[in-house]
Amino acid sequence: MRTDTGQVFRLEDYRPSDYLIPQTRLTVRLAPDATTVVAELTIERRPGGDAAPPLVLDGDGLKLKRIELESVAQPAHEATPERLVLNDLPATDRFTLILETELDPDDNKALMGLYRSNGVYCTQCEPEGFRRITYFLDRPDVLSVYHVRIEAPHAAAPLLLSNGNPVASGELGNGWHFAEWHDPHPKPSYLFALVAGDLGRLGDSFTTMSGREVELGIYVEHGKEKLAAYAMDALKRSMTWDEEVFGREYDLDVFNIVAVSDFNMGAMENKGLNIFNDKYVLADETTATDTDFANIEAIIAHEYFHNWTGNRITCRDWFQLCLKEGLTVYRDHEFSADQRSRGVKRIAEVRTLRALQFPEDQGPLAHPVRPRRYREINNFYTATVYEKGSEVVRMLRTILGAAMFRAGMDLYFERHDGQACTIEDFLKVFEDVSGRDLSQFGLWYNQSGTPNLTIKPSYEAGTLTLEIEQSVPPTPSESRKRAMHIPLAFGLIGSDGKELEWTEVEGASVEDGVIHVRKRSHKLRFHGVAERPILSLNRGFSAPITLAVEQKPEDLIFLAGHDSDPFARWQAFNTLLTDSLISAYRCVRGDTRLRFPSQIAQLAGRIAADASLEPAYRALAITLPSETDIARDIGKDIDPDAIFVARRGLSDFIARSNHEPFAELYRELRDDGPFSPDAAGAGRRALRNVVLGYLARIEGGADLAGTQFSAATNMTDLVAALGTLAHDHAGSPQAEAALADFAARHGAMPLAMDKWFQIQATAPGEQALDTVRALMRHPAFSADNPNRVRALLGTFSGGNQTGFHRADGAAYAFFAEMLKDIDQRNPQLSARLATAFRSWRSLEPVRQQKARQALASIAGASDVSVDLRDIVERSLA
Ligand code: PHE
Ligand code: ZN
C-alpha cells in the first residue's frame, strides 16, 4: 500500500516526457502467485528534446528480475519498487530495453494492475495501474503500439485475450498454450488489458457503416451466457447510434467485453477489450431490476463510445480527465435519451447530478471539472468530472446549436485523431467552427462551485422585467469567483397555457429561448408581453445551477400542470414538495404540529392518474425528494431525524388523501403481458411501485406488499415489495418471511444478494447499525469484494440518513473502523466510501462533533493509504 509522500501534482507543472515508447512487446507468463512479464520496449528520444537526459520509468511495488539494454545484460541502472532510472543510454535516437518483472496476482486485493477475480486473470490500468505490471512511462501522453503474447496452462485459462486483433495462438507442450494479440492503434498504457481464464462466451457480429464485419464477444462465468443477452443488444444499438449520430465507426476486427466480479468501478474502456463489473453485464428479469437494465444499457454504451472519445483521442494528462469522461457521459446520456424517453431521462440525470455532484461542489471536496492539483488521481473520478463535465458539454451544444456542435465534434475527430489532448484543444474546435470566443465559457472547466441565479420578476404595462444576479459561492482554495456564461432556457407562459411572445428585449442577449447570462447582474426587459406571464426557467435544466426565484405557489401549481417542458414541469411540482417538506421540518424542530397544503395531495393524485403523461414521468413526479435531497436544500444545522419525520408525514398525508384512486391505479397497472425491459414496461412498473410505497403506509399495506412479493415475476416488483416490507413494516411477520424467502431463493447469486444487503442497510432508524454489523458476518458478504462492500457499507453511509447519522455517533465510529480495515487491502474503495463524510459540516453541532472525531481517528492513524488520507484531510480542512 502506498502511504503519503506529501507529493502534490499540479497542472502547471506539465511537461512532455523526454522519451517516447513507440512500440511495446509484452510476454506474460501467467501463474497465480508468480507471473512473469517480459517487456521489450522500443524507446526513442523525443525529437527536439535535451541531449541525453536520464530515462526514468514509473513502477509501483515492482520487482525487477532482469534488465537488458540493446542486448547488453545488466546495464547500469537504479531500480526501486517505484522507479527505474537509467543514466547511461546509447547515443542512438532509438534503442531497445528489455525488462522482466515478477507479479503476484493472487495477492493483489487493490484490484489495480494484474489480479485474479474468481479464478480469472484480469487487469485494470487506468489511471496508474500499468506501472504495477512493468516499469513504463505510465502517463496518457505516451502512445505505444502493443504486441502481447500470453502464455498459460490450458486447463486454467483456455481463454487468452488482450487488446486489438488476435494474430497467433498454439500449444506449448506441458499443457501450456499461448495467444498473441496485436493492436495497431497506438494507445496510452492505461488502455492496456489482458484477460485469461475459463469463461463462457456469448457471440454475435456487427456490420459497420462501411460494410466491415466485427466479431463481438461477451465473456461471462460459464452458465451465465444468457444473462449477457441484454448487454449484447445494448452494444449493437450503441454501435449503430454512434455511426448515425456522430458518424463514428468501429476500427478493429473484434470487440470483446469481459464481466468480472471484483471491480472497483463500473467498467473500463480498454481498447477492443472492455472489462466490466459483472453488475453492469448480467441481467434477466428475475435477477435484475429495471434500474439495472438501464444502467447496463448506459454503461455498455459509455465504454463503447470511449473508443472515439478517450481512446482514439485521449488525454494529455490526468488533469484533462473530463475531456474523455464528461464528453463520453454526455454521449451516453444522449444515447439513452434516444433509446428511451428524453424528458424522463433528463429528469433522472438532474436528480443524479443534484444527489451526487451538488454536495461535492458545496462541500470540502469541491474541485473544478478540470482540477489543477491532486495528491491522488484516483480520487478525481468524481461526479464533478463525470456528471458536471457532461453538463458543460450539453451547455456548449445549447449555446452553439445542434448543427454547429456537430460540426465542432467532426473537426475534433478530424484534427485530433491519434493525439493526447487538452480541454483547450476541445474548446478551440468549437471556436474555430463557430467563430465565437469561448473563453468565458471555459470557466465552467476551471472554476468550482455551483453558480446561483437570483431572479426577481415584475410586470407592468406590457413589460416584463427580470432582475438577474449571479453568484458563485466560495469553494476551497477559490474564494473569489468570476462571472460565468450561463445559458438559461426559459418560456413565458400565458394564462391559457400557451407561450407568450414579446416584441423586443433589452439587457442581455436572448436567442432561441435562451437568455445568455454573462454578467454579475442583468436587468432584462421584455416589451410587448400581452399579460403577466408565468415564468418557466432553466428549462431542460439548461445550466447546472441553483435558482432562487420569487414564485407564487399558484404559479408553481400552474406550471406543474401545464409546462410544455417536461423537466420544468417536473421541477415545479418538486419545488412545491420541497417547500412543504422544509416547512414541515421546521415544524418538527420547533415542536409544532405538521400541516401540509391539501393542494399538494390533490395535485399528486391528479398527476398519478393523468393518462396523457407517460407512467415513468408520473412515477418521478410523485416520488418525494429523498432525505438527502431535503438535507441539501436545508443546507445547514441538519437534524436527519426531523427530516425523516417530516418526509414520512407528507408521504402519509398524500397516501391518505389518495387512498382510493391510488388503490385503483395500483390494480390497473398490473402487468400481465410478457416481461419487457423497455422504457414503457419499466415506466409502468415504476409508477405502480411508487404507488405501492404510498399504499404501504395505510391500513392493509403490509398485506398488499406481501402479496406483491409472493406474486412477483420480476426483480423490480420483488425488491419494491421487499423494500416496502423491510422499511415500512420492519419486524412484521410478512417482512421477516420475505427477507428469509429472498435469501433462500437468491443466496447463490451474489448480485441479487447485494439488493438484499442494500434493503436492510437502508432500513430507517438507529437499529440499522446492528443490522449492518450482523450482516457483515453473513456468508454472502465479503469485505474484499467492492460490490458487496458498497451494497452494505456504501448504501448504509450514503443512503440511510437516520441510521448512519444516529445522534450518538456510533455509526460514524463503526464506519471509520471499517474504512481503516478496508484501506489495508483496497485504498480506492476505502477512499471512495469515505466521501460519505463530505457534508459533515452541514449537520447540527452534536453530530458534527461526532463526525469530526471519526474523521480525526482516521487522520491520526499511521498506516493510512494516500487515497484515504487525501479524502479525510481535505474533508477536515
Ligand atoms: N474509465 C472508466 C470509465 O469508463 C472508469 C474507470 C476509472 C474504471 C478507473 C476503472 C478505473 O468511466
Ligand atoms: Zn468513462
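Residues numbered from 1 in each chain as written. Chains lettered and ligands numbered in written order. Predicted model: local features only at pLDDT ≥ 70, side-chain atom pairs only at ≥ 80, totals over all residues.

As annotated in an unreviewed UniProt entry, the protein carries the name Aminopeptidase N and comes from Aquamicrobium terrae. As its UniProt record puts it under Sequence similarities (unreviewed entry), the protein is described as follows: "Belongs to the peptidase M1 family." UniProt, in the comment section headed Cofactor (unreviewed entry), describes the protein in these words: "Zn(2+)". (UniProt positions renumbered as here; feature names shortened; annotations may be inferred.)

A.B. asks: Give me the overall build of the protein: which residues, what numbers.
C.D. replies: Within the protein, the regular secondary structure consists of 27 helices and 33 strands. Taken over C-alpha atoms, the radius of gyration comes to 28 Å for the protein, in line with the 29 Å a tight globule of 877 residues would show. Here the C-alpha coordinates of the protein stretch approximately 85 × 65 × 60 Å along the principal axes. Within the protein, contacts between residues separated by at least 24 positions form 70% of all contacts whose residues are at least 6 apart in sequence. (Helix = DSSP H or I, 4+ residues; strand = E, 2+ residues; numbered from the N terminus. Rg over C-alpha atoms; globule rule 2.2 N^0.38 Å. Contact = placed C-beta atoms within 7 Å.)

A.B. asks: Which residues make up the packing of helix H2 (residues 290-305) against helix H3 (residues 321-339), and what are the values?
C.D. replies: At a minimum axis separation of 9 Å, H2 and H3 run at an interaxial angle of 135 degrees. With respect to each other, H2 and H3 are oriented oblique. Classified by chirality, the crossing of H3 by H2 is right-handed. Packed against H2, whose contacting residues are Glu297, Ala298, Ala301, His302 and Phe305, the element H3 presents Thr328, Val329, Arg331, Asp332, Phe335, Ser336 and Gln339 at the interface. (Axes fitted to C-alpha atoms, helices over the stretch in contact; angles between N-to-C directions. Parallel < 35°, antiparallel > 145°, perpendicular 65-115°, else oblique. Left-handed = near helix turned anticlockwise from the far one by under 90°.)

A.B. asks: Requested: an account of the sheet that holds strand S21 (residues 273-277), with residues and values cited.
C.D. replies: By definition, the strands of a sheet pair up through backbone hydrogen bonds, in either a parallel or an antiparallel sense. The strand order across the open sheet built from five strands is S17-S18-S19-S21-S20, with neighbouring strands paired in mixed fashion. Strand pairing shows two members of the sheet lacking a second neighbour, strand S17 (200-207) and strand S20 (267-268), which therefore form its edges. Bridge count between strand S19 (residues 254-260) and S21: five bridges; the pairing is parallel. If you follow isoleucine 257 over to S21, its bridge partner there is asparagine 274. (Pairing = 2+ DSSP bridges.)

A.B. asks: Which residues make up the UniProt feature "domain: Peptidase M1 alanyl aminopeptidase Ig-like fold" (unreviewed entry) in the protein, and what values do they have?
C.D. replies: Annotation from UniProt places "domain: Peptidase M1 alanyl aminopeptidase Ig-like fold" (unreviewed entry) at residues 449-548. Split by type, residues 449-548 is 0% helix and 50% strand. Its first and last C-alpha atoms lie 16 Å apart.

A.B. asks: Which residues make up the domain arrangement of the protein, and what values do they have?
C.D. replies: Entries for the protein in the domain assignment read domain 1 (9-284), domain 2 (314-446), domain 3 (452-543) and domain 4 (747-877). Here the C-alpha centre of domain 4 lies 42 Å away from the C-alpha centre of domain 3. (Domains from an automatic or database assignment.)

A.B. asks: Explain the confidence of the model for the protein to me, and be specific about the residues and the numbers.
C.D. replies: Averaged over the protein, the pLDDT score is 97; the fraction of residues at 70 or greater is 100%. For this predicted complex, the interface score ipTM comes out at 0.99, while the overall pTM is 0.98. (pLDDT = per-residue confidence, 0-100.)

A.B. asks: Describe the nonpolar core, naming the residues involved and giving the relevant values.
C.D. replies: Val195, Ala231 and Val281 are the most contacted members of the largest nonpolar core, which totals 253 residues. Here this core takes 10 residues from helix H10 (residues 566-589), the largest share from any one element. Setting aside its immediate chain neighbours within four residues, valine 281 contacts Ile218, Val220, Ala228, Ala231, Ile257, Ala259, Phe276 and Ile296. (Core = buried A, V, L, I, M, F, W, Y, C linked by C-beta atoms within 7 Å. Buried ≥ 20, exposed ≤ 12 C-beta atoms within 10 Å, placed from the backbone.)

A.B. asks: Residues and numbers for the site of ligand 1, please.
C.D. replies: Around ligand 1 lies a shell formed by Gln124, Glu126, Met265, Ala267, Met268, Glu269, His302, Glu303, His306, Glu325 and Tyr381. Residues that form the shell around ligand 1 fall into these classes: four nonpolar, three polar and four charged. (Near = placed C-beta within 6 Å. Nonpolar A, V, L, I, M, F, W, Y, C, P; charged D, E, K, R; others polar.)

A.B. asks: Go over unusual backbone geometry with me, naming the residues and quoting the values.
C.D. replies: Of all residues except glycine, most have a negative phi; of all peptide bonds, most are trans. The omega torsion of the bond from glutamate 126 to proline 127 falls at -10 degrees, within 30 degrees of zero and hence cis. Phi angles above zero are rare outside glycine, and leucine 111 is one such case at about 60 degrees. Its location among the elements puts leucine 111 in the loop between strand S9 (94-103) and strand S10 (113-117). Looking at leucine 111, the number of C-beta atoms within 10 Å reads 23, which means it is buried. In this model, asparagine 174 sits at a positive phi of 60 degrees, which is unusual for a non-glycine residue. Among the structural elements, asparagine 174 can be located in the loop between strand S14 (165-173) and strand S15 (176-187).

A.B. asks: Give me the UniProt feature "domain: Peptidase M1 membrane alanine aminopeptidase" (unreviewed entry) in the protein: which residues, what numbers.
C.D. replies: As annotated in UniProt, the feature "domain: Peptidase M1 membrane alanine aminopeptidase" (unreviewed entry) corresponds to residues 230-441 in the numbering used here. Secondary structure content for residues 230-441 is 55% helix and 9% strand, and the end C-alpha separation is 39 Å.

A.B. asks: Any details on the environment of leucine 722? Residues and values, ideally.
C.D. replies: Summarising the element assignment, leucine 722 is placed in helix H18 (residues 715-728). Distance from leucine 722 to glycine 706, taken between C-alpha atoms, is 7.9 Å for residues 16 residues apart in sequence.

A.B. asks: So, the sheet that holds strand S28 (residues 504-506): which residues are in play, and what are the values?
C.D. replies: The five strands are arranged S28-S31-S26-S25-S33 in an open sheet whose pairing can be described as mixed. Sheet topology places S28 and strand S33 (546-549) at the edges, where each strand pairs with a single neighbour. This sheet shows a mean twist of 20 degrees between the axes of neighbouring strands, independent of strand direction. Pairing of strand S26 (residues 463-471) with strand S31 (residues 521-527), which is carried by six bridges, proceeds in the antiparallel orientation. The partner of isoleucine 468 across the bridge, within S31, is histidine 522.

A.B. asks: Outline the environment of alanine 420, supporting the account with residue identities and numerical values.
C.D. replies: Residue placement: alanine 420 occurs in strand S24 (residues 420-421). The buried category is assigned to alanine 420, around which 21 C-beta atoms lie within 10 Å. Put simply, alanine 420 and alanine 604 are 184 residues apart on the chain and 51 Å apart in space, counted from C-alpha to C-alpha. Apart from the residues lying within four places of it in its own chain, the contact partners of alanine 420 are Pro140, Asp141, Leu143, Pro188, Thr314, Cys315 and Arg316.

A.B. asks: Can you break down helix H20 (residues 750-761) residue by residue, with the values?
C.D. replies: In this model H20 runs 16 Å from its N-terminal to its C-terminal C-alpha over 12 residues, within 8% of the 16 Å that 1.5 Å per residue would give. Buried within H20 are the following residues: Pro750, Leu751, Ala752, Met753, Asp754, Lys755, Trp756, Phe757, Ile759, Gln760 and Ala761. At its buried positions, H20 is contacted by H18, helix H19 (733-746), helix H21 (768-775) and helix H22 (786-799). (Expected span 1.5 Å × (residues − 1).)

A.B. asks: Lay out the pairing of strand S3 (residues 35-45) with the relevant residues and their values.
C.D. replies: Only one face of S3 is buried, namely the one carrying Thr35, Val37, Ala39, Leu41, Ile43 and Arg45, since none of Thr36, Val38, Glu40, Thr42 and Glu44 on the opposite face is buried. Connecting strand S2 (residues 19-29) to the next strand, S3, in antiparallel fashion are five residues. One ladder, built from 10 bridges, connects S3 with S9; its direction is antiparallel. Bridge assignment links glutamate 44 to a residue of S9, and that residue is arginine 94.

A.B. asks: Quick one: what's the story with the pairing of strand S5 (residues 64-69), residue by residue and with numbers?
C.D. replies: In the sheet, S5 pairs with S9 via five bridges, with the strands oriented antiparallel. For arginine 66, the partnering residue across the bridge sits in S9 and is glutamate 100. Relative to strand S6 (residues 72-73), S5 runs antiparallel, the two being bridged by two bridges. The residue of S6 that forms the bridge with glutamate 68 is alanine 73.

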